[in-house]
Amino acid sequence: MFPIAEISGQYYNTGQDPSSISWKHIKTGKFDVIYPSGSDSLGIKFAGILDESYSCLTQLLPKGKLRIPVVIHNYSTRSNGYVAWAPRRMELYPAPDQNAIPGNQDRLLAIHETTHVMEMEALNTGFSGIMSFFLGEQFTGVLSAMLPFWYLEGNAVVSETLFSSSGRGRNPSFLQELKAIAVEHGNYSYDKILNGSFRNHVPDYYSSGSQMTAWAMAEYDPFIWNKVLSFTGQQPFTLNPVNISLRRNTGLTKKKLYEETFDTLQTLWTEDVKLTGETYTPVNIRAKEEYKNYYSPHKIGIDSIIAIKTSLSETPEIVLTSGGKEKILLHTGSIYPLQLSYGAGKVAWVESRPDLRWNNRDFMIIRVLDIKTGKTINISGKSRYLSAAISPDGSMIAAILNTPENVNKLVILDAVEGTAIISVQSPGNAAIQRPQWSADGKNITVIYLTEQGEGILAWSSDNKSWKILLSGDSNDIQSSFLRNDSLFFVSSGTGTDNILLKTPSEELFQLTHSRYGVKDVSFSKGVLLFSDYTVNGNDICTLNMPDNPDQIESKPDSLSFLTDRIDIQGIRETAPVNAAYHPESYSKTAHLFRFHSWMPFYADIDKIKSDPFSIRPGVTLMSQNILSTLVSTFSYEYSVDRRHLLHSGITWYGWYPVINARLDYGYSPSVIGASGVNIAPGMKFSGDISLPFYFSSGYFLHYLRITAYTDYSNNRYSAGDGTNDYGQTSITGRIYFSNYSRSAIRDIYPKWAQSIDLNRVFAPFDRDIFGSSIYIRTNFYFPGIFKNNGIRLRFENERQDQSRYIFGNRINSPRGFTAYPNGYSNITSDRLTFLSADYVFPVAYPDFNISSLIYLKRIRAGLFYDEARGEKNRYYVRNNQGGLELILYDESPLTFSSYGLQLLGDIHVLRIPFMISAGVEAAWRVQDKSPSISAIFNMDLYGFSIGRY
């Protein structure tokens, strides 16, 4: 994956850890493992696993001159990882995943991310190696954009599968979405798989990419992708080096490779479904072709079922289905896993919460909904409970706790107070998942993971001990529960995820025969409830407990697991590395600067985003330290007017307040209304200090930023009394607050949102020369008439104090007006009010492409009305002496307004992964009835990184 990252004068910055953390590191031959103090065992473990991963991968990928920092963020509850370039580093989030597959999760994570490092290193050859000498790490990062995302992530999935006994390449649930599409609809087009869709659910490029990558390796050459990497690094100027290399070595383009891969899989999968699949009647109602998922169903009455629902049009919500009708009980926050538990009229689950300031620390809290009263309470605060289940009588909650030091515990809490009653570590500190109470409330089952695989444990509340109910093996387990000493669980042991039953006499039976896979089994009065996957998502299905269940079917041959067809002679898992690792203190002060990229010219990263041609002769240096606490740029520019200019910028994220400063020196300063010539070199300084706060109340996300800015420039202004003013300073205070509901995939605007931006600008040392200004900008969002329609209302107001010079207006003008009436382009109003209303709606989801040139995902439209009213309107003219003179334009208020429409398409061009919104806007000015037609173009281009595990 290429997750969105912040880019503003720096490259890939995904946040910081708490400033109170001290750090240690371990240097191996290839890695510098950096981790929080107090976690030596975690650091040593990853040092060995990373070295072992590299040793494995050298059998498959070019070795390269690998040496990379690895930062471990164990204060996060996320299970993830990524590799970034510019500055190059690997970042790991090792919290146990509650949907993890069998095997050592840390090892699978390390193999996946090390694959990305070696992919990137393999690009740094030939022409690209030379360019990296001139441009630094950024060139390799930019060059990686020539490699399709599906290859980068698919290759890493193939690696983790080849070098383990499990891996996602052999996991049925990982492939079920593609399998259902191929069998039911036929394969989607290559462009649709590549760019996604608003009309249909499209599986991510991890699953599709792993199949394409594995097919090329199995059918043509196990080392085909090494040739692609080498050719891309040596000849990137061929513009499409991946296609050229594939054609030379396989006769296929990327598109043809996709079609060949999935034509084969469609045949295999269709036959597989015919042999083993069974269709179940859903309880829920869905419109034809509507994609939505129901997870974790529980029966709560005679005919009522509660579940989590997700869809393309709505954010996750807890719903109650009864008699063919559906009622929304609650829109949840960020919920993972998508798991509910039910007991005595109460529902429990876990949600994530961000830290107030530090992006790399977050929390998982337990929430409980009382269905009768509709009241929801949080029973834990800044906790790390990864999943939870409420007892049948509703009095207790069993939760999985993981500490930053990676201690795994089962904790039993009071369901009202949230206080811990019992806390017990898992046997051997195994990672544990998805607790579930037995029907009698005396036992709690959990899924456990060890080196041997995935199994099921039970904790007895009577004798306070653990018991193994199912020994670990390579089959993936989704859920489990005990009833009358019989164990019900979902397992991939039949080749597809199905419900199995293990009796007290150790007999094993198969209860379902799903076409694509089931999950989330529960039991009520002799009836099994489960989620069964279809091409349109998970349905809620029921099954009466059979009197004579089927004997378990043998697992079919894995012909459709393409990774098992790859024939690489001698490929093997290497033995664990037995090196002695020695942790050392890591000095944050000594590692403040890390110059990762440079350019033999001057380029302002912020300006170049809007104007790619705004480069000048000079040199630019960019630094960002490994912990992303200090970002800086230093540059020299030889300007158009032949001046030597120096620029520097620095941003400090290491403390609670964020501090930013920029200095520009050497330009020709302005002389405004003053006599003489300013011979001193121009200097501009800007700085700010801010407190950014992120917080969430579940369905709503909140952001508060309090900032103080200062700007100084040594321009010369006339003071109006025959004297000149040298050097001007302005100060701005700003408070910004936003409250946004979470958005669904199809939403154009958030359903509910408000933002307030309040600013006060003044010049404390030049009060007689400059005025002051206070302005407010607000936005209010509401749902429209139909789904995914949106309404936006804006109100903005500005007041400026009169003086010799005043600040320009900083709030919006009506669309269609490039200036005020009568052609004045520099009118400023002392009092200005702006009102606006927009209504936006989707028109169609075409999923239409013209070859590889354009892929049209969505057509959307909008209607708008804008109005502004200005008082004490003035403008500047230059007098005969060359100075500026302030002219009062109109004592009476000016009111001007416009209305119009927008028509836009959300498109991908040349299969570039970033979506572009482009179209036209027609605005009619009420004053003269004349339309103004303008083009609209927007591209959300952020820095990117690879390798979400």
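The following paragraphs examine the structure supplied in this document.

Concerning the pattern of salt bridges
Item 1. Summed over all chains, the structure comprises 37 salt bridges.
Item 2. A salt bridge links Glu351 to Arg353; the nearest nitrogen and oxygen atoms lie 2.9 Å apart. Accessibility assignment for this pair places Glu351 and Arg353 in one class, buried.
Item 3. A single network of salt bridges, built from pairs that share partners, joins Arg88, Glu121, Glu137 and Arg594.

Some words on unusual backbone geometry
Item 1. The peptide bond linking Ala86 to Pro87 adopts the cis configuration, its omega dihedral lying at -5°.
Item 2. Looking at the secondary structure, you find Pro87 in the loop between β5 (79-84) and β6 (89-94).
Item 3. With an omega of 0°, the peptide bond between Tyr336 and Pro337 qualifies as cis.
Item 4. Non-glycine residue Ala86 carries a positive phi angle of around 75°.
Item 5. Despite not being glycine, Asp485 shows a phi value in the positive range, around 65°.
Item 6. Mapped onto the secondary structure, Asp485 falls in the loop between β23 (477-483) and β24 (486-491).

Some points on the packing of aromatic side chains
Item 1. Summed over all chains, the structure comprises 30 aromatic pairs.
Item 2. When the centroid spacing of 5.1 Å and the interplanar angle of 70° are considered together, the rings of Tyr699 and Phe700 count as edge-to-face.
Item 3. Given the relative accessible area of 11%, Tyr699 is considered buried.
Item 4. The class of Phe700 is partly exposed, set by a relative accessible area of 23%.
Item 5. When the ring centre of Trp358 is taken as origin, the NZ or CZ atom of Arg357, which lies over that ring, is 4.4 Å away.
Item 6. Positioned above the aromatic ring of Phe198, the side-chain terminus of Arg858 is 4.0 Å from the ring centre.

A word on helix α9 (residues 224-234)
Item 1. With eight of 11 residues buried, α9 is to be regarded as a mostly interior element.
Item 2. Among the residues of α9, Ile224, Trp225, Asn226, Val228, Leu229, Phe231, Thr232 and Gly233 are the ones counted as buried.

Quick word on helix α1 (residues 40-57)
Item 1. An ideal rise of 1.5 Å per residue puts 26 Å on 18 residues; α1 measures up with 26 Å between its terminal C-alpha atoms.
Item 2. Judged by how many residues are buried, α1 sits mostly within the fold: 13 of 18 residues are covered.

Observations regarding a nonpolar patch on the surface
Item 1. A surface patch of nonpolar side chains, amounting to about 470 Å² of accessible area, comprises Phe593, Phe595, Val619, Leu621, Phe634 and Ile650.
Item 2. With respect to the helices and strands, the residue Phe593 is situated in the loop between β31 (584-586) and β32 (595-603).
Item 3. Given a relative accessible area of 42%, Phe593 falls into the partly exposed group.

Observations regarding the pairing of strand β22 (residues 465-473)
Item 1. Bridge analysis of strand β21 (residues 453-460) against β22 gives six bridges, and the strand direction is antiparallel. In the sheet register, Ile456 faces β22, and the bridge partner there is Leu470.
Item 2. Here β21 folds back onto β22 in antiparallel fashion, the turn holding four residues, of which Lys464 has a positive phi close to 55°.

Focus: the sheet that holds strand β18 (residues 420-425)
Item 1. Spatial strand order, β15-β16-β17-β18: four strands in an open sheet with antiparallel pairing. Taken across any chain shown, the strands that pair with only one partner, and hence form the sheet edges, are β15 (385-390) and β18. Taking each pair of neighbouring strands and ignoring which way they run, the sheet shows an average axis angle of 20°.
Item 2. Both strand β16 (residues 396-402) and strand β17 (residues 408-414) contribute to a ladder of seven bridges, which runs antiparallel. In the sheet register, Asn402 faces β17, and the bridge partner there is Asn408.

The rules behind these values
Residues numbered from 1 in each chain as written. Predicted model: local features only at pLDDT ≥ 70, side-chain atom pairs only at ≥ 80, totals over all residues. Heavy atoms only, no water. Salt bridge = Lys/Arg side-chain N within 4 Å of Asp/Glu carboxyl O. Buried < 20%, exposed > 50% of the residue type's maximum accessible area, 1.4 Å probe, protein only. Helix = DSSP H or I, 4+ residues; strand = E, 2+ residues; numbered from the N terminus. Phe/Tyr/Trp six-rings, centres within 6.5 Å; stacked < 30°, edge-to-face > 60°. Lys NZ or Arg CZ within 6 Å of the ring centre and 35° of its normal. Expected span 1.5 Å × (residues − 1). Patch = residues over 30% accessible without salt bridge, like charges linked within 9 Å, V, L, I, M, F, W, Y side chains within 5 Å. Areas by Shrake-Rupley, 256 points an atom, 1.4 Å probe, with all protein chains shown as cover. Pairing = 2+ DSSP bridges. Axes fitted to C-alpha atoms, helices over the stretch in contact; angles between N-to-C directions.

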